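# Examining the three-dimensional arrangement
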Amino acid sequence: MFQAPPPQAPQYVPPPPPGNPTWLTGVAIGVIVVMAVLAVYWFFGRSQSTSAGAETTAAAATPAAAGENPVTKFVEVAGVRFSPMTKGIQISFVLINHADQDLVGLKGSATILAKTNKGEEIPLGSVKFETAMGAQTSKELTLPFDTKKKMVDMPDWQNVSVKVEITSPIGS
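What counts as what
- Every chain's residues receive numbers from 1 upward, in the order its sequence appears when written.
- The predicted nature of this model means local features are confined to residues of pLDDT at least 70 and side-chain atom pairs, given and counted, to a pLDDT of 80 or more, with totals for whole chains, interfaces and linings taken over all residues.
- Each side-chain value is derived from all of the structure's non-hydrogen atoms; neither hydrogens nor water enter the calculation.
- Think of it this way: any DSSP run of H or I at least four residues long counts as a helix, any run of E at least two long counts as a strand, and we number them from the N terminus.
- Any residue under 20% of the maximum accessible area for its type is buried, any over 50% is exposed, and the rest in between are partly exposed; the area is computed with a 1.4 Å probe on protein chains only.
- Methods summary: accessible areas were calculated by the Shrake-Rupley approach with a probe of 1.4 Å, and residue burial reflects only the protein chains presented.
- If DSSP finds at least two bridges between two strands, the strands pair.
- Axis definition: a line fit to C-alpha positions, over the contact stretch in the case of helices; interaxial angles, taken between N-to-C directions, run 0 to 180 degrees.
- The patch calculation keeps residues exceeding 30% relative accessible area without a salt bridge and links them within 9 Å when they carry like charges or within 5 Å when they are nonpolar (Val, Leu, Ile, Met, Phe, Trp, Tyr).
- Here, a salt bridge means any side-chain nitrogen of Lys or Arg that lies within 4 Å of a carboxyl oxygen of Asp or Glu.
- Should any heavy atoms of two residues lie within 4.5 Å, those residues are considered in contact.
- Only centres within 6.5 Å qualify two rings of Phe, Tyr or Trp (six-membered ring in Trp) as a pair; their planes then separate them into stacked at under 30 degrees, edge-to-face at over 60, and tilted for everything else.
- By nonpolar core we mean a set of buried residues, namely Ala, Val, Leu, Ile, Met, Phe, Trp, Tyr and Cys, connected to one another through side-chain atoms within 4.5 Å.

Moving on: the overall build of the protein chain. Per the secondary structure count, the protein chain includes 1 helix and 6 strands. By the burial criterion, 22% of the 172 residues in the protein chain qualify as buried. Element-wise, carbon and sulfur atoms account for 61% of the exposed surface of the protein chain, whose accessible area totals about 13100 Å².

Dropping the structure here:
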């Protein structure tokens, strides 16, 4: 009668249902944020790049400057290298034809300019070339370089720019 009630048997409590780990939730939120930022960048960046592309197309459609051969805009000189030869300096470069037509009897000159620290360009010399090129092709040329400078005075390729002038063929 005066006894304490017997202790109750422990009851089984099922474990909580498994949920997503917290690290997985963090990764999912991070991916969503990155995708949202990229979508905004793509949307606003696209309108700017389209207008820049329209400006480039308009600039390409303008006629060549008065007195300039229209073929000049299709010819590029790249990969300028200087090397010594017995009497003077020779220059190697790649001549690129960006036109959709062959350039037979291509004649011209390239003036090589050295870039200074102040942003100026100083003429180093020039080279005359004569060749024929197929449409959309390139050709490596090695020719004597007409300059008064010595080999030790030649700049590295990073500090060189080229101005091309085409004399033949006369384009349309």
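Having put the structure on the table, let's press on.
Our next topic: the pairing of strand β1 (residues 75–85). Note on strand geometry: in a regular strand, side chains alternate between the two faces of the sheet. Pairing between β1 and strand β2 (residues 88–97): 9 bridges, direction antiparallel. Within β2, the position partnered with Arg81 by the bridge is Ser92. Adjacent in sequence and paired antiparallel, β1 and β2 are bridged by 2 residues.

Sheet architecture is open: 6 strands sit in the order β1-β2-β5-β4-β3-β6, paired in antiparallel fashion. Edge positions in the open sheet fall to β1 and β6 (160–168), since each of these has one partner strand only. Across the sheet, the mean angle separating the axes of adjacent strands is 30 degrees when strand polarity is ignored. Two elements, strand β3 (residues 103–115) and strand β4 (residues 121–133), share 11 bridges in a ladder whose sense is antiparallel. By the bridge assignment for β4, Thr111 is matched with Ser126.

Further remarks concern a nonpolar patch on the surface. Residues Trp23, Leu24, Val27, Val31 and Met35 make up a contiguous nonpolar surface patch of roughly 520 Å² in combined accessible area. Turning to its location among the elements, Met35 is positioned in helix α1 (residues 22–61).

Unusually for a residue other than glycine, Gln136 sits at a positive phi of about 55 degrees. Note on placement: Gln136 falls in the loop between β4 and β5 (138–147). A relative accessible area of 49% means that Gln136 is categorised as partly exposed.

Further remarks concern the environment of Ala78. Assignment of secondary structure puts Ala78 in strand β1. Through-space distance from the C-alpha of Ala78 to that of Ser92 is 9.4 Å; in sequence the pair is 14 residues apart. Setting aside residues no more than four positions away along its own chain, Ala78 makes contact with Phe93, Val94 and Ile96.

This structure, assessed with the given rule, holds 2 aromatic pairs. Aromatic side chains Phe82 and Phe145 sit 5.4 Å apart centroid to centroid with 50 degrees between the ring planes, which places their arrangement in the tilted category. With Phe82 in strand β1 and Phe145 in strand β5, this pair connects stretches of sequence that are 63 residues apart. The exposure classification of Phe82 matches that of Phe145, with both residues buried. Between Phe93 and Phe129 the ring centres are 6.3 Å apart and the planes differ by 65 degrees, which places this aromatic pair in the edge-to-face class. Of this pair, Phe93 sits in strand β2 while Phe129 sits in strand β4, and the two are 36 residues apart along the sequence.

Phe82, Phe93, Leu95, Phe129 and Phe145 are the most contacted members of the largest nonpolar core, which has 24 residues in total. When contributions to this core are tallied by element, the ones reaching two or more residues are β1, β2, β3, β4, β5 and β6. Top contributing element to this core by residue count: β3, with 5 residues. The contacts of Leu95, once residues within four sequence positions are left out, are Val75, Glu76, Val77, Leu106, Phe129, Thr131, Met133, Thr137, Ser138, Lys139 and Leu141.

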